[in-house]
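# Summary of the model geometry
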Amino acid sequence: MRIWGLSREASGGSGDRAPGSSAIEAGDLVKKYGARTVVKVDSFRVEPGEVLAVLGPNGAGKSTLFRLLALLEKPDHGWIRYFGKEVSVRDLNARRRTAAVFQRPILFQGTVRKNVEFGLSFRRFARKDARRKIDEVLELVGLADLREADVRTLSGGELQRVALARALVLEPEILFLDEPTSNLDITLRRRFREDLRRVVESLASTVVLITHDRAEALALANRVAVIKEGTIVQVGTPDEVFLQPKTDFVADLTGAETTWRGKVVSNREGLCTIRTQADLLVDVVADLSPGEEAVLSIRPEDVSLSLPTNAVPALELRGTSLTSVRNRWLGEVAKVAAYGALVRAEVRLNGTQGVAGSRAPVRLGGEGEVICVVTRASADELGLRPGLQVVAGVKAAAISVMPAESGVRL
Amino acid sequence: MEIFWQALRDAVVLLARGDPYVCEVMWMSVQVAGLATVLGMVVGIPLGTWLGIRKFRGWGAAATVLNVGMMLPPVAVGLFVFLLLSRQGLLGSLGLLYSPTAMVVAEFFIAAPVVGAITMSGVGSVPREVRLQALALGASRWQSLWVVLREARVTLLSAVVAGFGAAISEVGAVMMVGGNLSSGGHNLTGTMTTAIVALVRQGEYAQAMAFAVILLVIAFAITLALTYLQRGIRRRWLQS
Amino acid sequence: MEDSRQGGRVLGLAIRRWGFALHAALLAVLVLALMAVAGCGEVAAITSEVPRSDLVLASTTSTQDAGLFEVLIPAFEAEYPYRVKVIAVGSGEALALGSTGDADVLLVHSPAAEDAFMQKGLGLERRPVMYNDFIVVGPETDPAKIKGMNSAAAAFARIAGAEALFFSRGDHSGTYDKELSLWGAAGIAPQGNWYRSTGQGMGETLTIADQAGGYTLSDRATYLGKRNALPNLQILVEGDDVLFNQYHIIVVKNARNLPGARDFANWIVSARVQNELIGAFGVERFGQPLFVPNAGEEN
């Protein structure tokens, strides 16, 4: 549901759009610092209303590209268009059609309301209109009851929301977000990301998101552009980029770890059993107490695939004590993508798994997906293809576990 | 030591009586230094701000010039202004020598670099992100500059105060271009500092001491103001 | 952000390229140079083996500005074991220093003030040393038309009448006392915007008169000595008897270095010093002595 419309007065610009034009279009963009070329993008496009994530490692030129597109820095070469109209650094009206949230946004001493007003103060805005807008946007980011709070008393996550509100209140046609969650603790990050997703979905704005966190890109974006050393190497939907990476670099970057959330069921001398949200039981090595919530992360290269040797799947998982791999699940290959010498496969688990030590398989009724990476040679030998029944196995020690603290004020 | 206390006693009497010559000289000092400081602000603040914000090809040279201007011995400045305004000098035909105008010119060249250099330092220490953030939220170039200046306002105030302090305490330059002239007991181009020199030379310790006392009070007030301001330089913004 | 990093990187590169060694070498050269300059004093002190005591001579700016001390002091120090410190102020200030004992011997030219000084018993002895004369100088344009007049007082009267710009010493110097006596003789109390006091020495007052185009009363010695730097001033009135300017040497009673003071007084009135040093001073450059020795006479 789109609730945040675009009002002409707020955008400061003419709000005009050439029909059928992209929200942002750029070409031949080059930026050098001294002798070093930091950004070299031949063409770039963001469609109206979409969320585009620019994904890349640190130092790839993301922030520079961000500043160029947001008209905060002058490119050495190239052109940029907003909705079909050519714009430049000097174009104040163009800049006022956008708003940006930085990685570490600067807030001024004062109340939350004062800070949110900041951007409005640059444009002529009627006071009472401002009041209403501020209330609305604070509601949107979940800070409604902190309107008069002093920013010094806020937590990191709350500060980030204030920065977001400050940008949103300007009703920008294009919203730029530079690493919005990078500055937050890992535990806060996820929560904020979810809220961000909710906000972004309700906006009519086009959103350009800069990040090095692929989970963020995956969670928020309609399209992902992967950037390496100043150049865009691949653009596409998250699926295209993540599962059909064009180069090793893209594949490395997108990683594709399997991430599950669950609750600790038992702890026997350091060996925990966790029931995931998808109702799978996973054995991990961790120091958690029963009842604690945890986030599990499995690297694709740690997942091994084997073909069930027994015709009856249920019997396959008996006698699991003969292998050291504690987690073994039956599943069906959903997708396969090859790149270079590796093959990536997505396996949908069908809720049948072996619990170590038991003789009968336990049907748990849950589903989950696990992503694994195997060598092409192995894939060929196994005959890996969509629809194939496989056993996915992960060692307990290979799973990384992080406590998920719920109830922490974000 | 007796001579000191005697002079001090006489000085207090002079001040209490509100001796007209003393008042005129004091007013001249404040006027000339004040005007010089205002002109110094008009030139120094924009220049310092520009150098504090932008880095361009000649930046190093320009910043050095400003800093050198601040470190330049004021009496050298006086010499340059004197030669400039003397009859044989470039602007000699204006007949400005030995007038309050000449004194303002000399003190301007002393105050302006101080204001400019401190402004440059203050504006330069406002993080670049502040300006960028303002621009990113729709500020025009001028509006973003205003935001930066507002952040640096305490340092800017210190710059002005320091400039005034440098101007009002100047002796040599003002003596050279002003001449410490008086006419029939009324002050023409004397300032407190030059008057002290002349009076000591004449053995008029009481009057000299009177001016010294006033200057001390002013210096004290300036130092107090600067200290108070410096304590006020706390971070005005938060970075999350 | 990137820019300042760039700047820092350039600076670091420069230092690295120049090398720490080169910087250290430059610093060493600088330190050695400073030591050499400072050492000059040391060296000079070492070569003069005679232990010297300080002698404070307070005199007037006119004598100093004329350059007489640059001849007298080295000659005196060559014969006597003293280190002479010359303090050049107005006659009034010099006498004040004598009264407090901050000066040992005085060379001044303010007869009335000197009389008062001696009457208070502040001086042990007072002897004439030399004389010169005062002159009235002014701009070439001479707005008050006083050039060539015989009477200085009358010239002053004309200046006042024309309200021409006049610069007075305005301090307690011998020159100022003379100026006041001239106004007195003319029966005029000068006041008005045309009459300005500088409160400074003769040299500075001449410069001001030269630059501003005004008249002033000066002693001949100072004027001649500074003539090249005073392109706009001319001698307009001279020779009047009343412009006679006598210098005396006074040994201060409260002197810290009494023997030194006596030695100096005796030395400066000695025949050789009178004829060869004082009498010859300025002859080569100006064709006439700036000061006429008259130690033998009493005025």
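Keep in mind that what you see is a predicted model, and the values were worked out from it rather than measured.

This next bit is on the overall build of chain C. Secondary structure summary: chain C contains 12 helices and 10 strands in total. The buried share of chain C, reckoned over its 299 residues, is 42%. Residue pairs in contact within chain C that sit at least 24 positions apart in sequence constitute 76% of those at least 6 positions apart.

The next point concerns the nonpolar core. Ranked by size, the top nonpolar core spans 226 residues in total, and within it A:L209, B:A106, B:V177 and C:V105 carry the most contacts. Among the elements that line this core, the one with the most residues is helix α5 (residues 100-124) of chain B, at 16 residues. Among residues more than four places away in sequence, those in contact with B:V177 are B:G78, B:V81, B:F82, B:L85, B:L97, B:A102, B:M103 and B:A106. In terms of nonpolar packing, the next biggest core, distinct from the first, is built from 33 residues, A:L280, A:L281, A:V347 and A:I371 among them.

A few words on the sheet that holds strand β5 (residues 85-87) of chain A. All names here are of chain A. Across the sheet, 4 strands lie side by side as β2-β1-β4-β5; this open sheet has antiparallel pairing. One side of each edge strand has no neighbouring strand; the edge strands of this open sheet are β2 (36-46) and β5. Here the strands of the sheet are splayed against their neighbours by 30° on average, with no regard to which way each runs. In this structure, strand β1 (residues 24-33) lies alongside strand β4 (residues 77-82), joined through 5 bridges in antiparallel fashion. Bridge pairing links E25 to R81 in β4.

When the terminal C-alpha atoms of helix α8 (residues 153-168) of chain B are compared, their 23 Å separation across 16 residues agrees well with the 22 Å that a helix rising 1.5 Å per residue should span. Taken across its 16 residues, α8(B) has 13 buried, putting it largely inside the fold.

With that settled, consider the pairing of strand β12 (residues 258-268) of chain A. Residues and elements named next belong to chain A. With 6 bridges joining them, β12 and strand β15 (residues 293-298) adopt antiparallel strand pairing. Bridge pairing in β15 places R261 opposite V295. Alignment of β12 against strand β13 (residues 271-276), held across 6 bridges, turns out to be antiparallel. Directly across from V264, in β13, lies its bridge partner I274.

Residues and elements named next belong to chain A. Read from one edge of the open sheet, 6 strands run β6-β8-β9-β3-β10-β11, paired in mixed fashion. What marks the edges here is a single partner per strand, and that holds for β6 (98-101) and β11 (231-236). Each neighbouring strand pair of the sheet contributes to a mean axis angle of 15°, computed without reference to strand direction. Across 4 bridges, strand β3 (residues 51-55) lies against strand β10 (residues 223-228) in parallel orientation. Among the inter-strand pairings, V54 is bridged to a residue of β10, identified as A225. Each of β3, β8 (174-178), β9 (206-211) and β10 is contacted by helix α2 (residues 62-69), which is oriented at about 155° to β9, the strand it contacts most.

Looking now at the interface of chain A and chain B. Accessible area lost upon the coming together of the parts is a frequently used measure of interface size. Listed as interface residues are 28 residues of chain A and, on the opposing side, 16 residues of chain B. Where the side of chain A that touches chain B is concerned, the elements lending two or more residues are α3 (92-95), β6, β7 (106-108) and α6 (156-168) of chain A. With 5 residues, the top contributor of residues to the side of chain A that touches chain B is α6(A). Here the residues of the side of chain A that touches chain B are counted per class, giving 16 nonpolar, 6 polar and 6 charged.

Relative to the assigned elements, B:G124 resides in helix α5. Between the alpha carbons of B:G124 and B:G48 there is a distance of 8.9 Å; along the sequence they are 76 residues apart.

Parameters at a glance
Residues numbered from 1 in each chain as written. Chains lettered and ligands numbered in written order. Predicted model: local features only at pLDDT ≥ 70, side-chain atom pairs only at ≥ 80, totals over all residues. Helix = DSSP H or I, 4+ residues; strand = E, 2+ residues; numbered from the N terminus. Buried ≥ 20, exposed ≤ 12 C-beta atoms within 10 Å, placed from the backbone. Contact = placed C-beta atoms within 7 Å. Core = buried A, V, L, I, M, F, W, Y, C linked by C-beta atoms within 7 Å. Pairing = 2+ DSSP bridges. Axes fitted to C-alpha atoms, helices over the stretch in contact; angles between N-to-C directions. Expected span 1.5 Å × (residues − 1). Nonpolar A, V, L, I, M, F, W, Y, C, P; charged D, E, K, R; others polar.

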